[in-house]
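# Chains, contacts and geometry: an overview
Next come the chains, spelled out residue by residue.
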Amino acid sequence: MNPRRSSKPIRIGNVTVGGSAPIVVQSMTKTDTRDVMSTIDQIKEIEDCGCELVRVAVPDTEAAQAISAIKRGISIPIIADIHFDYRLALLALEAGCDGLRLNPGNISEPEKVKVIAQAAKERSVPIRIGVNAGSLSKTANPQLTIAQQMVEAALKQIQLLESLDFDLIKVSLKAFDVPTTIEAYQDIAQRIPYPLHIGITEAGTPRTGIIRSAVGIGTLLYQGIGDTIRVSLTTHPREEVIAAYEILKSLNLRRHGPILVSCPSCGRAEVDVVKLAEAVEEELLKVSKPIKVAVMGCVVNGPGEAKDADIGIACGKGRAVLFKKGKKIRTIQEKDFLTVLMAEVERF
Ligand code: SF4
């Protein structure tokens, strides 16, 4: 695994992105931003799962102005997602947003960017230059690959902001195509000092979207690229946050809540391992401590295969062995599998 690329840290509200700060997990609400109560409720739900930054869509004036009321009801910094109309960025700044996302594909006129940069600078609010393969400017050079066009679009906006003496910058270059996304980030990572927000856009429903995101985001993180991640899924943002942490945990980049180790089950198993593992996974959603829990289908291989688990069970016919760090502690009856395991997790 490559060491993390060095980047110039920025502060979004009270959260640092880049530098040596942990890789930040962010998500985006799916509510109508003008519906303040529903938006606050959804943000609180994702805060509970560990979301550290939230972005809201700002399609009109009312949505921009709603940010001040939303901010009073939540604990994490809020980023305003702006397209087309630069005046919405100004309203969002007035309403107290902690970060802005601009799409250079639809706000690129220097005069408009200048007005936003000045207002953002006065408030020390960073701007993400959020390039999206699906909304590249019509002036992009068609001779270049999509990845190159994305990089060019970002560099152009970066130069403009730098010429305005604005450097509270974060960059993203997202595409649906995973190799395109990876190529674009690899290129820009060597050319700018700013932190990178990484993700795969329009990744799909959880079944496919989590895989696309894990491959794309995971590949980049393994190469040391990425300072904040968003997993885009066509479902409740809670699932985005859970998936983001699972990607980070799988690369040992963050410790967050429990890790479940479960065997796939096979002809050796004498209990329904799938059902048991799913029940344990459900219970573990309520646990916040970083603990590795194993659910293994047989006593022959189970404890050995999961010997680095903090706590686990290896099932046999009607009974299971409870083990800690691969060492047998005691035997438990089938009816008590879940309760005893969770009680041990609680005690750990
Ligand atoms: S732990 Fe046992 S039941 Fe599970 S896959 Fe391995 S051999 Fe099969």
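Shown above is the structure to which this text applies.
Structural notes, computed from the coordinates. For clarity, every value in this text was computed on a predicted model and none was experimentally measured. (Residues numbered from 1 in each chain as written. Predicted model: local features only at pLDDT ≥ 70, side-chain atom pairs only at ≥ 80, totals over all residues. Heavy atoms only, no water.)

### Some words on the overall build of the chain
To be explicit about the condition: For helices the rule is a DSSP run of H or I covering at least 4 residues; for strands it is a run of E covering at least 2, with both sets numbered from the N terminus onward. Note on classification: 1.4 Å probe, protein chains only; a residue is buried when its accessible area is under 20% of the maximum for its type, exposed when over 50%, partly exposed between these limits. Whether two residues are in contact is decided by their heavy atoms, any of which lying within 4.5 Å being enough. Here, Shrake-Rupley sampling with a 1.4 Å probe gives the accessible areas, and only protein chains in the shown set may cover a residue.
Looking only at helices and strands, the chain has 11 helices and 15 strands in total. Summarising its shape, the C-alpha atoms of the chain cover approximately 75 × 45 × 30 Å along the three principal directions. Within the chain, the fraction of its 348 residues that count as buried is 52%. Within the chain, counting contacts between residues at least 6 apart in sequence, those at least 24 apart form 63% of the total. With an accessible surface of roughly 15900 Å², the chain has 51% of that area assigned to carbon and sulfur atoms.

### So, unusual backbone geometry
Of note, the phi angle at F84 is positive, near 65°, even though the residue is not glycine. If you trace the backbone, F84 turns up in the loop between β5 (78-82) and α3 (86-94). Take F84: its relative accessible area is 63%, and that puts it in the exposed class. Even without being glycine, S124 reaches a positive phi, approximately 55°.

### Remarks on the nonpolar core
Here is the rule: To qualify as a nonpolar core, a set must consist of buried Ala, Val, Leu, Ile, Met, Phe, Trp, Tyr and Cys residues joined through side-chain atoms within 4.5 Å.
Ranked by size, the top nonpolar core spans 79 residues in total, and within it I82, L100, V171 and L173 carry the most contacts. The element that contributes the greatest number of residues to this core is helix α5 (residues 146-163), accounting for eight residues. Apart from the residues lying within four places of it in its own chain, the contact partners of L100 are I79, A80, I82, A89, A92, L93, I116, V125, P126, I127 and R128. Among the nonpolar cores identified, the runner-up in size contains 28 residues, and V273, M296, A306 and I313 belong to it.

### Re the sheet that holds strand β6 (residues 99-102)
As a reminder of what qualifies: Pairing between strands is defined by DSSP: at least two bridges between the two strands are required.
The eight strands lie next to each other as β8-β7-β6-β5-β4-β3-β10-β9, forming an open sheet whose pairing is parallel. Unpaired on one side and paired on the other, β8 (169-174) and β9 (197-198) mark the two borders of the sheet. The sheet contact formed by β6 and strand β7 (residues 127-132) spans three bridges and is parallel. Looking at the pairing, L102 lines up with I129 of β7.

### A closer look at the environment of K275
Tracing the backbone through its elements, the reader meets K275 in helix α9 (residues 273-284). Along the sequence, K275 and G224 sit 51 residues apart, while their C-alpha atoms lie 37 Å from each other.

### Looking at helix α6 (residues 178-189)
Note the threshold: Under the convention used throughout, the expected extent of a helix is 1.5 Å for every residue step, that is, one less than its residue count.
When the terminal C-alpha atoms of α6 are compared, their 16 Å separation across 12 residues agrees well with the 16 Å that a helix rising 1.5 Å per residue should span. Of all the positions in α6, only V178, T180, T181, I182, A184, Y185, I188 and A189 are classed as buried. Against α5, β8, β9 and α7 (206-222) lie the buried residues of α6.

### Some points on the environment of Y185
If you trace the backbone, Y185 turns up in helix α6. Residue classification places Y185 among the buried positions, given a relative accessible area of 0%. Once the C-alpha coordinates of Y185 and V293 are considered, the two residues, 108 residues apart in sequence, prove to be 35 Å apart.

### Quick look at the packing of aromatic side chains
The way to describe two aromatic rings as a pair is by their centre distance and the angle between their planes. Spelled out, the test is: Side-chain rings of Phe, Tyr and Trp (the six-membered ring for Trp) are treated as a pair once their centres are within 6.5 Å; stacked means planes under 30 degrees apart, edge-to-face means over 60, and tilted covers the remaining angles. Whether a charge lies above a ring is judged from NZ of Lys or CZ of Arg, which has to be within 6 Å of the ring centre and within 35 degrees of the ring normal.
Inspection of every chain in the model, using the stated rule, returns zero aromatic pairs. We note R212 situated over the ring of F176; from NZ or CZ to the ring centre the distance is 3.8 Å.

### A word on the pattern of salt bridges
Pairs can form between side chains of opposite charge once their charged atoms are near each other. The following threshold applies: Salt-bridge detection follows one rule: a side-chain nitrogen of Lys or Arg within 4 Å of a carboxyl oxygen of Asp or Glu.
Counted under the stated rule, the structure contains 26 salt bridges. A salt bridge links D227 to R4; its shortest N-O distance comes to 3.0 Å. Residue D227 is found in the loop between α7 and β10 (228-230), and its partner R4 is found in the segment before β1 (10-12); the two are separated by 223 residues along the sequence. Classification of R4 by relative accessible area gives partly exposed; the value is 31%. A single network of salt bridges, built from pairs that share partners, joins K324, R330, E344 and R347.

### Thoughts on the site of the ligand
Selection criterion: Throughout, the term near means that a residue has one or more heavy atoms lying within 4 Å of the molecule or strand in question. Under the grouping applied here, Gly and all other residues not named as nonpolar or charged are polar, the nonpolar ones being Ala, Val, Leu, Ile, Met, Phe, Trp, Tyr, Cys and Pro and the charged ones Asp, Glu, Lys and Arg.
If you check the shell around the ligand, you find C263, P264, S265, C266, R268, A269, G297, C298, N301 and E305 and nothing else. The residue makeup of the shell around the ligand, split by class, is five nonpolar, three polar and two charged.

### What about the layout of surface pockets?
For the record, the criterion: Put simply, the grid is 1 Å and covers the protein atoms alone, a cavity is a trapped set of points that fit a 1.4 Å probe, a pocket is an open set with protein on both sides within 12 Å along at least five of seven lines, and lining residues have an atom within 4 Å of a point. Grid points are joined across faces, edges and corners, and a volume is the space filled by probe spheres set on the points.
What the largest pocket holds in volume is close to 780 Å³. Considering the residues around the largest pocket, the lining is formed by 25 residues, among which I242, E246, K249, P258 and L285 are closest to the centre. Among the elements of the structure, α8 (237-250), β11 (259-262) and α9 are those that each provide at least two residues to the lining of the largest pocket. Of all the elements, α8 adds the most residues to the lining of the largest pocket, at seven residues. When grouped by side-chain class, the residues that make up the lining of the largest pocket number nine nonpolar, six polar and 10 charged.

### Observations regarding the pairing of strand β14 (residues 319-324)
Pairing geometry for strand β13 (residues 311-315) and β14, over four bridges, is antiparallel. Looking at the pairing, I313 lines up with L322 of β14. Counted along the chain from β13 to the antiparallel partner β14, the turn is three residues long, and its residue G318 has a positive phi close to 75°. For β14 and strand β15 (residues 327-333), the ladder comprises six bridges, and the chain directions are antiparallel. Following the sheet pairing, K324 is matched in β15 by K327. The loop that links β14 with its antiparallel partner β15 comprises two residues; one of these, K325, has a positive phi angle of about 50°.

Keep in mind these numbers describe shape, not what the thing actually does.
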